[in-house]
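Architecture and fold: a report
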Amino acid sequence: MNNELVKAIRQVIREEVSGIREEVSGVKKQLEENTEILRALEYNSQVHKAELDNLNVKVAKLSGNEEKIKKLEDGLKNHYHNITIKSDKANVS
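For the structure given in this document, a descriptive report is provided here. (Residues numbered from 1 in each chain as written. Predicted model: local features only at pLDDT ≥ 70, side-chain atom pairs only at ≥ 80, totals over all residues. Heavy atoms only, no water.)

**Quick notes on the overall build of the protein**
Tallying secondary structure elements over the protein gives one helix and zero strands in all. For the protein, the spread of C-alpha atoms along the principal axes amounts to about 150 × 15 × 15 Å. Here the protein, with 93 residues, has 0% of them falling under the buried criterion. Counting only carbon and sulfur atoms, one obtains 55% of the accessible surface of the protein, whose full area is about 9,700 Å². Across the protein, 16 positive and 16 negative side-chain charges occur, with their mean positions spaced 9 Å apart. (Helix = DSSP H or I, 4+ residues; strand = E, 2+ residues; numbered from the N terminus. Buried < 20%, exposed > 50% of the residue type's maximum accessible area, 1.4 Å probe, protein only. Areas by Shrake-Rupley, 256 points an atom, 1.4 Å probe, with all protein chains shown as cover. Lys, Arg positive; Asp, Glu negative; His and termini not counted. Charge placed at Lys NZ, Arg CZ, Asp CG, Glu CD.)

**Re the environment of G26**
Relative to the helices and strands, G26 resides in helix 1 (residues 3-77). Judged by relative accessible area, which is 40%, G26 ranks as partly exposed. Between the C-alpha atom of G26 and that of R14, which follows or precedes it by 12 residues, the distance is 18 Å.

**Topic: the pattern of salt bridges**
Enumeration according to the criterion identifies two salt bridges in this entry. For the salt bridge of K49 with D53, the shortest nitrogen-to-oxygen distance reads 2.9 Å. Of this pair, K49 and D53 are both found in helix 1, four residues apart, which corresponds to roughly one turn of the helix. K70 is paired through a salt bridge with D74; the nearest N and O atoms lie 3.4 Å apart. On the criterion of helical spacing, the pair formed by K70 and D74 is a turn pair, its members being four residues apart in helix 1. Since its relative accessible area comes to 30%, D74 is described here as partly exposed. (Salt bridge = Lys/Arg side-chain N within 4 Å of Asp/Glu carboxyl O.)

**Focus: helix 1**
With 75 residues, helix 1 extends 109 Å between its outermost C-alpha atoms, agreeing within 8% with the 111 Å of an ideal straight helix rising 1.5 Å per residue. Two or three places before E4, at the opening of helix 1, N2 has a side-chain oxygen 2.9 Å from that residue's backbone nitrogen. (Expected span 1.5 Å × (residues − 1). Polar contact = N/O pair within 3.5 Å; in protein donor to acceptor, adjacent residues only side chain to side chain.)

**Considerations on the environment of V24**
As for its position among the elements, V24 is in helix 1. Since its relative accessible area comes to 40%, V24 is described here as partly exposed. In this structure, the C-alpha to C-alpha distance between V24 and V57, residues 33 residues apart in sequence, is 49 Å.

**Some details on a nonpolar patch on the surface**
Among the surface-exposed residues, L5, I9, I13 and V17 lie close enough to one another that they form a single nonpolar patch of about 310 Å² accessible area. Tracing the chain through its elements places I13 in helix 1. Residue I13 is classed as partly exposed on the basis of its relative accessible area, which comes to 47%. (Patch = residues over 30% accessible without salt bridge, like charges linked within 9 Å, V, L, I, M, F, W, Y side chains within 5 Å.)

Have a look at this one:
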């Protein structure tokens, strides 16, 4: 092959490879940014889940307390005493 032709082919290949390298570099940068965003979203999701779990526990406790209070109120409404008064002395006028 002609030496000039080989040089021209090599130049074309270098230019093509250079463009591909730039594209790959851009894709790598975008991939790193996307990975950071996903990690931040995953962390926030875990934080929100923990907060929601905590709220569920508090609601369950409040619900249990509400039931206890209702039982106490029902007990007080239906509560009565028998009072007996005894006296050893008779009141005579």
